[in-house]
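Each chain is listed here by its residues.
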Amino acid sequence: MKNSLNILKKLPIAVIAILMVSIPAFTDNNYIISTLVYCFVFASLAIAWNLIGGYGEQVSWCNASFVAIGAYTGMIMYKMLGISPFIAILVGTGLAFIAATLIGYGTFRLRGIYFSIATIAFGEIVRISLQFWQGLTGGAAGYYVTYTGQNFSALMFKNDVPFYYILLALLVIVILIASWFERSKIGHYLSAIKGDEDAAISLGIDSFKIKLTTFQLSAVISAAVGTFFGFFIGFIDPGTVSSLNLSVKIVVIAIIGGVGTIWGPVLGSFVINILAEGLNSMFGDVGGLSLAVYGFLLIVIVIFKPAGLISLFPKWGNNSKSARKSDDESTQNEVLP
Amino acid sequence: MLMRNSVGKSGTQIMAWIIIQATINGILNGGIYALVAVGLTIVFGVMKMVNFATGEFIMWGMYFTFLLYTITGLNNYVLLPMVIILTILLGLLSYVLVIKPVLGRDSNTFIMVTVGLSYLLMNVAQMIFGPTPKGIPSEIKTASLSIGTFTVSLPRLIAFLSACLLIIAIQILLKKTMLGRAMRATAENAEMAQVLGINYKQVYTFAFVLSCVMAGVAGTLITPIYSIYPSLGNIFKIIIFVVVVLGGMGSVSGALIGGLLLGIMEALVGTLINSNLGPAGIFVVFLLMLYLRPNGLFGTANRVA
Amino acid sequence: MTENLLEIEDLSISFGGIKAVRNVNFEIRKGEILGLIGPNGAGKSTIVNLISNIYKPDKGVIRFEGKELSPKIGTAQRAKMGITRTFQTPKPFGNLNVYENIYTIALQGRSSSEADLKTKEILNKTDLSNYENFQSIKLPIEKRKFLDMARILALDPKLIMMDEVMGGLNPSEMDESFKMVKRLNAEGITILFIEHVMRAVVNVCSRLVVVNNGQFLCSGVPTDVLKRQDVIEAYLGESKNHANNK
């Protein structure tokens, strides 16, 4: 790539980065800060989903479960054992890794639809289990950690500004991981698998192992984000944190933003979360309005702009990994295969 | 589940009774699961796609029934034809606006678009009817038959028998009518079917709307049993996917047997272990089956790697 | 004495009661271009699928370089060992361009700069240098077949099983392909050539194996084999069946 293109591409990122870092200095409004934290969190989660769902085209409907595993592990280990979430995160990600391995072992040798449905089943198992183990998790009533004063290692702060920086830093780390992934061998192999799995296998690519590793990475990142997210919202319950609704929101963000790219999920997260807040302030808490809008947007984007909103910004959204065979006219056929 | 006073019976006899009663309940529930699963498996067989919004058509079938009941005061069985008409309209509308534009694209696209449809239908229902569960008063809600010492809930029995009738009707449709043959031909080999003069677009439309109708009918049949709320679709759809996958994606008999088996499994786990874990039991069985019989009970080879 | 690269012993597989391959024995000698011929449905593609582990045999043994290939050794692993195959319809990675199609495969066991060098080398060898940035799905069909071959070359294969690569090519495209096949063979790559087009078979193969109804019929030099009565009858039987099915 030419040097001038490089700088052109990097300048807006630098500007945005400086902007993001300095926002808390300009505003005291916790509502704005908190909304931005949601944007960061879901951007990270959508990027993590995108590894397996976008680059790998294996649609997972249970990434919220990994978030929940991270959140519950962090909070339970702190409340019951006094262990800092910075350490508990290792346990949470470990559990998520195991879970992803179990799901992958059962499904990655089969067609993609089995994986998708198995993730739905797994998601429900996790949610029901969390509800059922009341002694450990508080059940449907939820779980929380009482605020006992400012404590960095326990992720307790007077306001949300520290969370802002922590989750922004985490987003940066996740973006770096995703960039590395795109350029790595496994990223390349995954896009070959996406292109034609049978051909890839016949050419030496162990598609089972590649998909499994990608899914494990996706799960681990989601759980890590989940640990911090849990402490940020302070109160978690299975119906919110471990739900299909949350998994769907993550998928919607990735799709609307732009599947198979890095900045697509980021854009999608800002659009959806700000939209949700906007709807909330305009119409109040009309149950279901934001989810109905997500559903509507998902349909519209998939039909009219399947490459996502990021494709409106060609320099940011265009790379071969996001190209899908089905978008090319020459492969559109009248009859379904 | 009510347990009769069984003074003087031994532990094993009680256990046996519990298991058989649970199995009866499970079979009855399984009939409904099977009905919807057959519809879903037909869509999968013909269009090679999974309709994620299936549960919402069940839910809307129930809300249609509720609306019509509020207007006319008639019971749900009498309202069935009207509900079918409304469901056909909803199905056609969904097909034209949501499905048709993405025909020819990959199966993930279909899933995305039907997920969107599912959330749209679910939350429009919530915005219109509110989240509070609604019910339709019915004289037979608590009615039951006694067969020996076993109780058979009447509304569940009616639902089960209606479901069986419908499934038989569908089988006749598939095997004996031109339309059915067209559907099976398209399922077998879409290109060949087109060459033979079958208008695949009509076949797709019919298959999709048919599955919506089956879901809507299932909804009407269960109004005396379950209360109506917007996210009811979630529960059913998850169970039904599992049925379809277990049954072997495209096999009608697989969907039928899968539905019955899962109904039994859910009832047994719910009764013997804990009623809250009933659905979880299904999923665990499903995941186990994936490991042991990856092609489903009846399915054809689906392996990739 | 040339050694055998691949040996098939007593290989059998049935699909739902139909015996697709029955007790087939033959060897592929190192450095040869072996033609595998027979009427439609004879089991040729099934044999290729068995060698590449798309199917696992019900019975029989496959030996590669003298060592038995356990069915546990999967397709991808066999490809890395040097056992490769093409598909009847080319299968490019549609989302990638021509360069990336080859580069992704070349990455296996190489650093990115080594893979880049290898890719450029292969692009030259297969006359695809001008198409480097083409979206692979936009390639014309004969170039797609070359791309299939190019990707295989990125693996430094020992055996290439070419499954009916001549289909759909006009005579001059076919001649180009013959040259390519012979060039590859001259570099030491053993080739199993499954083909219907007799002109290609006669032009390219040093030896033939004939299968019919899933069973080994005979083997030998093309000029001898193609004159044999039982071979002619096997093909005639096929056209008779076609006539009857009309």
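Predicted model only: the values in this text are computed from it and were never measured.

Q: What am I meant to see in helix α12 (residues 244–257) of chain A here?
A: Helical periodicity: at 3.6 residues per turn, an α-helix aligns residues three or four positions apart in one direction. Residues and elements named next belong to chain A. An ideal rise of 1.5 Å per residue puts 20 Å on 14 residues; α12 measures up with 20 Å between its terminal C-alpha atoms. Across the 14 residues of α12, 13 count as buried, placing the element largely inside the fold. Just downstream of α12 lies G258, where phi reads positive at about 140°.

Q: Please clarify how the interface of chain B and chain A should be interpreted in this entry.
A: When the parts of a complex come together, some accessible area is lost, and that lost area is often taken as the interface size. Each partner contributes to the interface: chain B provides 52 residues, whereas chain A provides 47 residues. Breaking the side of chain B that touches chain A down by element, the ones donating at least two residues are α4 (107–129), α7 (190–195), α9 (232–247) and α11 (278–292) of chain B. Considering each element in turn, the side of chain B that touches chain A owes the most residues, 16 residues, to α4 of chain B.

Q: Mind showing me how you'd approach the domain arrangement of chain B here?
A: Residues and elements named next belong to chain B. With domains assigned, chain B is organised as domain 1 (45–136 + 153–230) and domain 2 (231–292). Placing a centre on the C-alpha atoms of domain 1 and another on those of domain 2 gives a separation of 20 Å. Within the residue set of the side of domain 1 that touches domain 2, elements represented by two or more residues are α2 (54–72), α4 and α5 (154–176). Among the elements that line the side of domain 1 that touches domain 2, the one with the most residues is α2, at 5 residues.

Q: Is there a simple way to think about unusual backbone geometry in this case?
A: The phi torsion of most residues other than glycine is negative, and most of the peptide bonds are trans. Residues and elements named next belong to chain C. Look at D10: it is not a glycine, yet its phi comes out positive at around 60°. The class of D10 is exposed, set by 12 C-beta atoms lying within 10 Å. Look at N213: it is not a glycine, yet its phi comes out positive at around 55°. The topology assignment puts N213 in the loop between β9 (207–212) and β10 (215–220). Of the residues examined, N213 has 16 C-beta atoms within 10 Å and is grouped as partly exposed.

Q: What is the right way to read the environment of G281 of chain B from this model?
A: All names here are of chain B. Note on placement: G281 falls in helix α11. For G281 and G73, which are 208 residues apart along the polypeptide, the C-alpha to C-alpha distance reads 38 Å. Ignoring any residue separated from it by four or fewer positions in sequence, one finds G281 in contact with M265, E266 and V269.

Q: Before we go on, may I ask you to explain the arrangement of the chains in this structure?
A: Contacts are most numerous between chains A and B, taken over all 2 pairs of chains that touch. Between chain B and chain C there is no contact; the minimum C-alpha to C-alpha separation amounts to 8 Å.

Q: Just to check I follow, could you spell out helix α1 (residues 11–47) of chain B for this structure?
A: Over its 37 residues, α1 of chain B runs 51 Å from end to end, which matches the ideal 54 Å to within 8%, given 1.5 Å per residue. In the segment just after α1 of chain B, K48 of chain B is the residue with positive phi, at about 60°.

Q: Sorry, what's going on with the packing of helix α2 (residues 30–55) of chain A against helix α13 (residues 263–283) of chain A here?
A: The geometry of a pair of packed helices is captured by two quantities: the angle between their axes and the separation between those axes. All names here are of chain A. Direction vectors running N to C along α2 and α13 enclose 140°, while the axes themselves pass 8 Å from each other. By the angle between their axes, α2 is oblique relative to α13. In this structure, α2 meets α13 at a crossing whose hand is right-handed. Across from T35, Y38, C39, F42, A43, A46, I47 and N50 in α2, the residues of α13 making contact are P265, V266, G268, S269, F270, N273, I274 and E277. Taken together, the residues that form the contact of α2 with α13 break down as 10 nonpolar, 5 polar and 1 charged.

Q: So what exactly am I meant to see when it comes to the sheet that holds strand β5 (residues 67–68) of chain C here?
A: Within a sheet, neighbouring strands are paired by backbone hydrogen bonds and run either parallel or antiparallel to one another. Residues and elements named next belong to chain C. If you walk across this open sheet you meet the 4 strands as β2-β1-β4-β5, and the pairing is antiparallel. With one partner strand each, in any of the chains shown, β2 (18–29) and β5 form the two edges of the open sheet. On the sheet, helix α1 (residues 44–51) packs against β1 (4–15), β2 and β4 (59–64) and is oriented at approximately 70° with respect to β2.

Definitions and cut-offs
Residues numbered from 1 in each chain as written. Chains lettered and ligands numbered in written order. Predicted model: local features only at pLDDT ≥ 70, side-chain atom pairs only at ≥ 80, totals over all residues. Helix = DSSP H or I, 4+ residues; strand = E, 2+ residues; numbered from the N terminus. Expected span 1.5 Å × (residues − 1). Buried ≥ 20, exposed ≤ 12 C-beta atoms within 10 Å, placed from the backbone. Contact = placed C-beta atoms within 7 Å. Domains from an automatic or database assignment. Axes fitted to C-alpha atoms, helices over the stretch in contact; angles between N-to-C directions. Parallel < 35°, antiparallel > 145°, perpendicular 65-115°, else oblique. Left-handed = near helix turned anticlockwise from the far one by under 90°. Nonpolar A, V, L, I, M, F, W, Y, C, P; charged D, E, K, R; others polar. Pairing = 2+ DSSP bridges.

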